[in-house]
Amino acid sequence: MTERSVLVSGAGVAGLTLAYWLRRHGWATTVVERAAAPRTGGYKIDIRGAALDVVDRMGLLPQLKELTTDVRAGAIVDGRGRRVASMGGDTFGGRQGPDTEIRRGDLLRVLTDALDVDCRYDDAIATLTQDDDGVDVTFSSGRTGRYDVVVGADGLHSATRRLAFGPEDRYVRPMGYQICVYRVPDTLGLDREELTYVAPGRTALAYRTAQDSGATAMFLFEGGSTGRSSVEEQRRLLAETYADDGWQVPALLAAAADAPDFYFDTMAQVHADRWSAGRVALVGDAGYAASPASGQGTSVALVGGYVLAQELAAAADHRAAFDRYERRMRPFVEANQKLGPANVRRMVLHSDRQVRMSMRMLGLLGRLPGHDRLFAAAVASIHRAATAITLDDDATVAAGARVSGGDGGTRSRR
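These remarks concern the structure in this document. (Residues numbered from 1 in each chain as written. Predicted model: local features only at pLDDT ≥ 70, side-chain atom pairs only at ≥ 80, totals over all residues. Heavy atoms only, no water.)

## Things to note about the packing of helix α2 (residues 50–57) against helix α10 (residues 297–314)
- At a minimum axis distance of 8 Å, the contact between α2 and α10 shows a crossing angle of 55 degrees. On the basis of their axis angle, the class for α2 and α10 is oblique. Read as a crossing pair, α2 and α10 show a hand that is left-handed. Where α2 approaches α10, its residues Ala50, Ala51, Val54, Val55 and Arg57 are matched on the opposing element by Ser299, Leu302, Val303 and Tyr306.
- For the contact of α2 with α10, the per-class residue count stands at 7 nonpolar, 1 polar and 1 charged. (Axes fitted to C-alpha atoms, helices over the stretch in contact; angles between N-to-C directions. Helix = DSSP H or I, 4+ residues; strand = E, 2+ residues; numbered from the N terminus. Parallel < 35°, antiparallel > 145°, perpendicular 65-115°, else oblique. Left-handed = near helix turned anticlockwise from the far one by under 90°. Contact = heavy atoms within 4.5 Å. Nonpolar A, V, L, I, M, F, W, Y, C, P; charged D, E, K, R; others polar.)

## Some remarks on the sheet that holds strand β18 (residues 280–282)
- A sheet is described by the order of its strands in space; here 6 strands give the open sequence β7-β2-β1-β11-β18-β17, paired in mixed fashion. In this open sheet, the two edge strands, each paired with only one partner strand, are β7 (118–121) and β17 (276–277). (Pairing = 2+ DSSP bridges.)

## Observations regarding the environment of Ala277
- Mapped onto the fold, Ala277 is located in strand β17.
- In this structure the C-alpha to C-alpha distance between Ala277 and Arg319, which are 42 residues apart in sequence, comes to 9.4 Å.
- Other than its neighbours up to four places away in sequence, Ala277 contacts Gln130, Ala164 and Phe165.

## A word on the sheet that holds strand β12 (residues 172–184)
- Within the open sheet, the 7 strands sit side by side as β5-β4-β13-β14-β15-β12-β16. Their pairing is mixed. Lying at the two open borders of the sheet, with one neighbouring strand each, are β5 (83–88) and β16 (263–270). Pairs of neighbouring strands in the sheet enclose a mean axial angle of 20 degrees, with direction left out of account.
- Bridge count between strand β13 (residues 193–199) and strand β14 (residues 202–208): 7 bridges; the pairing is antiparallel. Within the sheet, the bridge partner assigned to Glu194 lies in β14 and is Tyr207.
- Of the strands in this sheet, β12, β14, β15 (215–222) and β16 touch helix α7 (residues 231–241), which is tilted by about 75 degrees from β15.

## Comments concerning empty space enclosed by the protein
- Summed over all chains, the structure comprises 3 cavities of 30 Å³ or more.
- Here the largest cavity is characterised by a volume of approximately 60 Å³.
- What lines the largest cavity is simply Gly41, Gly42, Tyr43, Arg103, Val181, Tyr182, Arg183, Tyr207, Thr209, Asp212, Thr216 and Asp261.
- In terms of residue count, β12 provides more of the lining of the largest cavity than any other element does, 3 residues in total.
- Grouping the constituent residues of the lining of the largest cavity by class yields 4 nonpolar, 4 polar and 4 charged.
- Considered as a void within the structure, the second largest cavity measures approximately 50 Å³ in volume. (1 Å grid on protein atoms, 1.4 Å probe; cavity = no way out; pocket = protein on both sides within 12 Å on 5 of 7 lines; lining within 4 Å. Points joined across faces, edges and corners; volume = space filled by probe spheres on them.)

## Regarding helix α11 (residues 318–337)
- With 20 residues, α11 should cover 28 Å at 1.5 Å per step; its first-to-last C-alpha distance of 26 Å lies within 8% of that length.
- The principal kink in α11, of about 40 degrees, is found at Met329, preceding the proline Pro331 by one to four residues. (Expected span 1.5 Å × (residues − 1). Bend = angle between axes of the 7 residues up to and from the residue.)

## A short note on the pairing of β12
- Bridging between β12 and β16 involves 8 bridges; their strand directions are antiparallel. The residue bridging Val172 from the neighbouring strand is Val270, located in β16.
- Relative to β15, β12 is paired through 8 bridges, and the arrangement is antiparallel. Within β15, the residue paired with Val181 across the bridge is Met218.

Right, here's the structure in full:
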């Protein structure tokens with residue numbers, strides 16, 4: 001059998017996971033990433049449920065456990081900084097049992113270090129042309145290549161999806177909120193703690209992990225799509241939205257001007273009837289973003305990369321592989337996408353009345369014995385979604401592919 005080849009567009013969580021497993025399965029694997037270097041920083045993320053099995057099968061779980069954020073406490077504060085409600089860090093983050101919270105940049109570094117593939121930074125797909133036997137690719141650098149399969153793992157605003165599937169507005173569904181994240185000096189004196197301030201239509205928070213010398217701020221607020229506005233326009237909108245707020249919001253806003261990792265985007269999900277078009281497929285946020293509000297974007301990306309690699313390795317026919325990938329993944333994706341709208345409505349309260357009632361209720365619950373257990377029960381839906389898929393072993397997947405006719409040949413042309 002001739003070695004099959006794949007081009008993975010995007011060195012995020014989904015792309016790196018897919019590349020790792022396809023290389024393990026014997027594929028000639030290339031990753032191309034628009035950024036000039038591996039991405040660092042980013043928000044803290046959780047690995048839950050089936051995603052824990054993926055990183056465990058990669059042999060990376062002990063290393064990731066050593067990089068845990070170790071956030072021990074969380075609290076809701078009012079405009080004067082008074083703590084309305086406090087709880088343990090795991091409860092505040094919706095974690096149970098073996099769930100692991102780490103910084104996104106740490107996860108990417110661990111995945112990158114585990115790779116044994118050609119990873120090309122500061123480059124991207126410029127054109128795609130498919131025929132019966134492969135995909136011809138021209139890169140923005142001027143290089144060219146031919147691959148059996150191309151996979152778009154390049155995020156919410158996927159260029160691969162646009163080239164192979166059509167315009168972004170067919171697939172990206174804004175949720176009516178904006179999100180902004182960047183690093184800030186720790187002027188609050190945080191010690192593995194997260195503080196959240198809530199006002200009508202907007203939320204701001206800051207946290208510091210065990211791995212950080214500074215802190216990270218996040219802003220989440222009501223608002224429609226800003227399109228692909230400039231960073232200057234994004235900073236101006238952020239400042240205007242939070243102009244009258246108390247707590248430490250003014251100091252957090254002041255840090256935006258010098259933040260090298262300033263991230264701002266519309267909160268959105270991706271919905272597509274199909275995740276493949278010919279020999280091009282989508283994985284992770286490019287195909288089915290659940291939004292940061294779901295708390296499951298990273299876990300879905302890990303699982304998606306693993307399942308797609310399994311199916312491509314088991315079936316010589318890419319069409320059979322893509323069909324089985326969708327059948328296995330779609331119920332899991334849908335369960336996790338449902339979390340986003342409900343979660344964001346709890347994170348951003350619409351009116352003064354909602355804020356007052358929520359603060360009063362949280363204050364009362366926080367004084368009850370066993371309040372951590374009461375708060376933990378509220379996030380049970382996250383854990384049901386996180387375990388809404390069974391990860392078969394490779395032998396089971398290969399048997400399923402043979403039964404469905406996926407091993408009907410050994411065709412491959414480079």
